[in-house]
Amino acid sequence: MISLTAMFAVDQRRWSSAAHLDNRAGKPSHRRLEHTQDPRSHAKHSDRQCLALDREEHVMRPDALLPAVATAMSLICVGSADAKPMAFTGVRLIDGRSAQPVEDAVLVIDGDRIVAAGPRTAITVPPDADVREQHGHTIMPGLISDHSHVGIVKGVDVGAQNYTRENILDQLKAYTARGVTTVMALGLNGAIMPEIRAEAHAGRIPGADLFGVDRGIGVPDGGPPQAMIRVSADQLLRPANAEEGREAVRAMKARGTDMVKLWLDDFGGSVPAKMQPAVYSAVIDEAHRLGLRVAAHVHDLEDARAVTKAGVDVLAHGVRDKPVDADLIAVLKAHHTWYIATLALDEATFAYADAPGWAQTPFVRTALAPELKARFDDPAWQSETRTSAKAQAARDSLAVNLANLKRLDDAGVRIGFGTDSGAAPERVPGVAEHRELALMVQAGFTPMQALITATSRAAALLDLADRGSLEAGRRADLVILAADPSQDIANSSRIVEVWQAGRQQDVASTTSP
């Protein structure tokens, strides 16, 4: 039995941030999102063996040591120090970096870390390992979403009433059930975010690891439209001028935000004003001064160009009004700006009304809340949605976005991976990420290029050096598939097992509801 001191060390995984130089890009990446070494990798501690965990000890703080001593007594871990390494053998290995899979490979994990991965002939399986033969299966890194949301939607309802612990935990489990092991909740987060994020980092709750933008910065009477998102004042800041913009950044920094998010555009003219250059320039400058990076919600080419010239670090959506030009490409490359296309966002606006084959699969149907399933199955809703101006605008935006993504990737712009899942009912957590992969292939990516973007490149955008690839020293975040997604990207949804930080997660049902 491990000591209470060891238990506290185990339960207090820390995450840290530090300014550093991204050698790939040659520019400061400001805040680095990175876990310190997990003590469980030394103690071989596994939550699979933990039988009970009281709610009161979910967040372990130094100033809460005495109450923690009492609640820690209810944590029963059996044989934690004796957990064995695990070896997955005979598997096809997609490591998240290499252009081709490795056939007949072996991957060994110990605690929450990968200790070896490669061809069977090059890997020695520890004699005490639990060997799991996986012939015919493919193993790949867990998907990483650089742009999602939590706690905004429940069923078909959108609003602040959904930003609850229970709803967020359900959504984190929904992500891992479909192979998404890390999520960046890019804005509209409330005061409970830091607590849940800390628990996710420490492995104290099941589901995807969580990073987040505290609240976010919008425009008074502008974007994001309150009629659309219906959030509380505690989930969004709307500065009226440059100094208030700086104050907003400082407030977000004080609450421990991982990044800063701003909404620049006018949502197709549906709101009176865009964010003024003086405001977003001040926000970007203040964030960089405080060691934070900034992501911007954009839609149009000229907004993307302007905010990139102002120094934004991430374009959180693709350009969808017109083709990108050589000048924007040059500006993106000169500023080393990341680009997240969010192709699935526009597709979801109309696709469920078209009832395509992929939307009828158990993988998708089991992800839908009963109310959402009823909406999608309603002939009147389908007819109204298919013929709406909104659906046609989304089809047009998607076509432009697909072409722009391919051009930018060919030009060497840094491409991340995200979907805006969780921001609206039809942007279904876990499902949207697999649709994004399919749409990237439709845009002209090879399946392996899409998978690399959704794993190691997505990790690089978040400055997470501990995940995104299956290699020694990385977190054991992995997905085991029944078929090979490098041959058919649709196989990414044929999930057999999901492991997050060395812990097996529940997976999506393969039976139609």
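For clarity, every value in this text was computed on a predicted model and none was experimentally measured. Counting of residues starts from 1 at the beginning of each chain's written sequence and follows it residue by residue. For a predicted model such as this one, the threshold for reporting local features is a pLDDT of at least 70, and the threshold for listing and counting side-chain atom pairs is 80 or more; totals across whole chains, interfaces and linings nevertheless cover every residue. Side-chain calculation: all heavy atoms of the structure are included, whereas hydrogens and water are not.

Let's talk about the overall build of the protein chain
(1) Moving on: Looking only at helices and strands, one finds 17 helices and 22 strands in the protein chain.
(2) Moving on: Looking at the protein chain residue by residue over its 513 residues, the buried ones come to 58%.
(3) Moving on: Residues are treated as being in contact if the distance between any of their heavy atoms lies within 4.5 Å. By sequence separation, contacts in the protein chain at least 24 residues apart represent 71% of the contacts at least 6 residues apart.
(4) Moving on: Accessible surface for the protein chain amounts to roughly 19,100 Å². Of this, 54% is attributable to carbon and sulfur atoms. Per the convention used, a helix needs a DSSP run of H or I reaching at least four residues, while a strand needs a run of E reaching at least two, with both numbered from the N terminus. Summary of the burial criterion: residues with accessible area below 20% of their type's maximum are buried, those above 50% are exposed, and those between are partly exposed, where the area comes from a 1.4 Å probe applied to protein chains only. Only the protein chains shown count as cover for residues, and all accessible areas are computed by the Shrake-Rupley method using a 1.4 Å probe.

Considerations on the packing of helix 11 (residues 343-354) against helix 14 (residues 379-386)
How two helices pack is summed up by the angle between their axes together with the distance between the axes.
(1) Moving on: A fitted line through C-alpha atoms represents every axis, and for helices the fit uses only the stretch in contact; the resulting angles, taken between N-to-C directions, go from 0 to 180 degrees. Where helix 11 meets helix 14, the closest approach of the two axes is 8 Å, and the angle between their N-to-C directions is 135 degrees. It follows that helix 11 is oblique to helix 14 by the angle criterion. Between helix 11 and helix 14 lies a crossing of left-handed hand. Across the interface between the two elements, T349, F350, Y352, A353 and D354 from helix 11 touch W381, Q382, T385 and R386 from helix 14.
(2) Moving on: Side-chain classes are defined by residue name, with Ala, Val, Leu, Ile, Met, Phe, Trp, Tyr, Cys and Pro counting as nonpolar, Asp, Glu, Lys and Arg as charged, and the others, Gly among them, as polar. The class makeup of the residues in the contact of helix 11 with helix 14 is 4 nonpolar, 3 polar and 2 charged. When describing relative orientation, an angle under 35 degrees is termed roughly parallel and one over 145 degrees roughly antiparallel, while 65 to 115 degrees is termed roughly perpendicular and anything else oblique. Helix crossings fall into two classes, left-handed where the near helix is turned counterclockwise from the far one by less than a right angle and right-handed where it is turned clockwise.

Comments concerning the sheet that holds strand 10 (residues 143-148)
(1) Moving on: Should DSSP find at least two bridges between two strands, the strands are taken to pair. Within the open sheet, the 3 strands sit side by side as 10-13-14. Their pairing is parallel. Either end of the sheet is taken by a strand with one partner, and the two such strands are strand 10 and strand 14 (209-214). Between one strand and the next, the sheet's axes are offset by a mean angle of 15 degrees, whatever the strand orientation.
(2) Moving on: Judged from the 4 bridges that link them, strand 10 and strand 13 (residues 180-189) form a sheet pairing that is parallel. By the bridge assignment for strand 13, S145 is matched with V183.
(3) Moving on: Packed onto the sheet, helix 5 (residues 193-201) meets strand 13 and strand 14 and runs at close to 155 degrees relative to strand 14.
(4) Moving on: Along the sheet, helix 16 (residues 431-443) makes contact with strand 10 and strand 13, crossing strand 10 at roughly 100 degrees.

Topic: helix 8 (residues 277-289)
(1) Moving on: The end-to-end C-alpha distance of helix 8, which contains 13 residues, comes to 18 Å, matching closely the 18 Å that a straight helix rising 1.5 Å per residue would cover.
(2) Moving on: Along helix 8, the positions that sit buried rather than exposed are V279, Y280, A282, V283, I284, E286 and A287.
(3) Moving on: Buried residues belonging to helix 8 abut helix 7 (242-254), strand 15 (260-263), strand 16 (294-297) and helix 9 (301-309).
(4) Moving on: Phi turns positive, to about 80 degrees, at G291, one or two residues after helix 8. What a helix should span is 1.5 Å times the count of its residues minus one.

Notes on the pairing of strand 20 (residues 478-481)
The two faces of the sheet receive side chains in turn, since in a regular strand these alternate between them.
(1) Moving on: Alternating residues of strand 20 divide into L478 and I480 and V479 and L481, and every residue in both groups is buried.
(2) Moving on: Looking at chain direction, strand 9 (residues 138-141) and strand 20 are connected through 4 bridges and run antiparallel. Opposite P141, over in strand 20, you have L478 as the bridge partner.
(3) Moving on: Pairing of strand 20 with strand 21 (residues 495-500), which is carried by 4 bridges, proceeds in the antiparallel orientation. Of the residues in strand 21, the one forming a bridge with V479 is V498.

What to know about helix 16
(1) Moving on: The terminal C-alpha atoms of helix 16 lie 18 Å apart, and with 13 residues this matches the ideal 18 Å at 1.5 Å per residue to within 8%.
(2) Moving on: Of all 13 residues making up helix 16, 10 are buried, and the element is well covered by its neighbours.
(3) Moving on: Residues of helix 16 that are buried include every one of V431, A432, E433, H434, R435, E436, L437, L439, M440 and A443, and no others.
(4) Moving on: One or two positions beyond helix 16, positive phi appears at G444, with a value near 125 degrees.

Some remarks on the nonpolar core
(1) Moving on: Core analysis: the largest hydrophobic core is formed by 105 residues, its most contacted members being L172, I217, V260, L262, V307 and Y339.
(2) Moving on: With 8 residues, the single largest contributor to this core is helix 17 (residues 447-461).
(3) Moving on: Among the nonpolar cores identified, the runner-up in size contains 14 residues, and M86, A105, I114 and I480 belong to it. We call a set of buried residues a nonpolar core when its members are Ala, Val, Leu, Ile, Met, Phe, Trp, Tyr or Cys and they connect through side-chain atoms within 4.5 Å of each other.

Some words on the sheet that holds strand 16
(1) Moving on: Taken together, 5 strands build an open sheet; the order of strands is 15-16-17-18-19 and the sheet is parallel. Here the strands that pair on one side only, and so sit at the sheet edges, are strand 15 and strand 19 (414-415).

Structural notes on the side chain of S397
(1) Moving on: Checked against the element boundaries, S397 lands in helix 15 (residues 389-410).
(2) Moving on: Filtering out sequence-adjacent residues up to four positions away, S397 remains in contact with H299, R320 and D346.

Observations concerning the side chain of D346
(1) Moving on: Tracing the sequence through the fold places D346 in helix 11.
(2) Moving on: With residues up to four places along the chain from it excluded, the contact list for D346 reads R320, A394, S397 and L398.

Things to note about the packing of aromatic side chains
(1) Moving on: For Phe, Tyr and Trp, rings pair up if their centres lie within 6.5 Å, where Trp contributes its six-membered ring, and each pair is then called stacked (planes under 30 degrees apart), edge-to-face (over 60) or tilted (otherwise). With the rule as written, the count across this model stands at 4 aromatic pairs.
(2) Moving on: Here the aromatic residues Y352, W358, F376 and W381 are joined through ring pairs into a cluster of three or more.
(3) Moving on: Placement of a charge over a ring requires the Lys NZ or Arg CZ to be within 6 Å of the ring centre, with the centre-to-atom vector within 35 degrees of the ring normal. Lying across the ring of F363, R178 places its NZ or CZ 5.4 Å from the centre.
(4) Moving on: R435 extends its terminal NZ or CZ atom over the ring of W358, reaching a point 4.1 Å from the ring centre.

Honestly, it's all geometry; don't read function into it.
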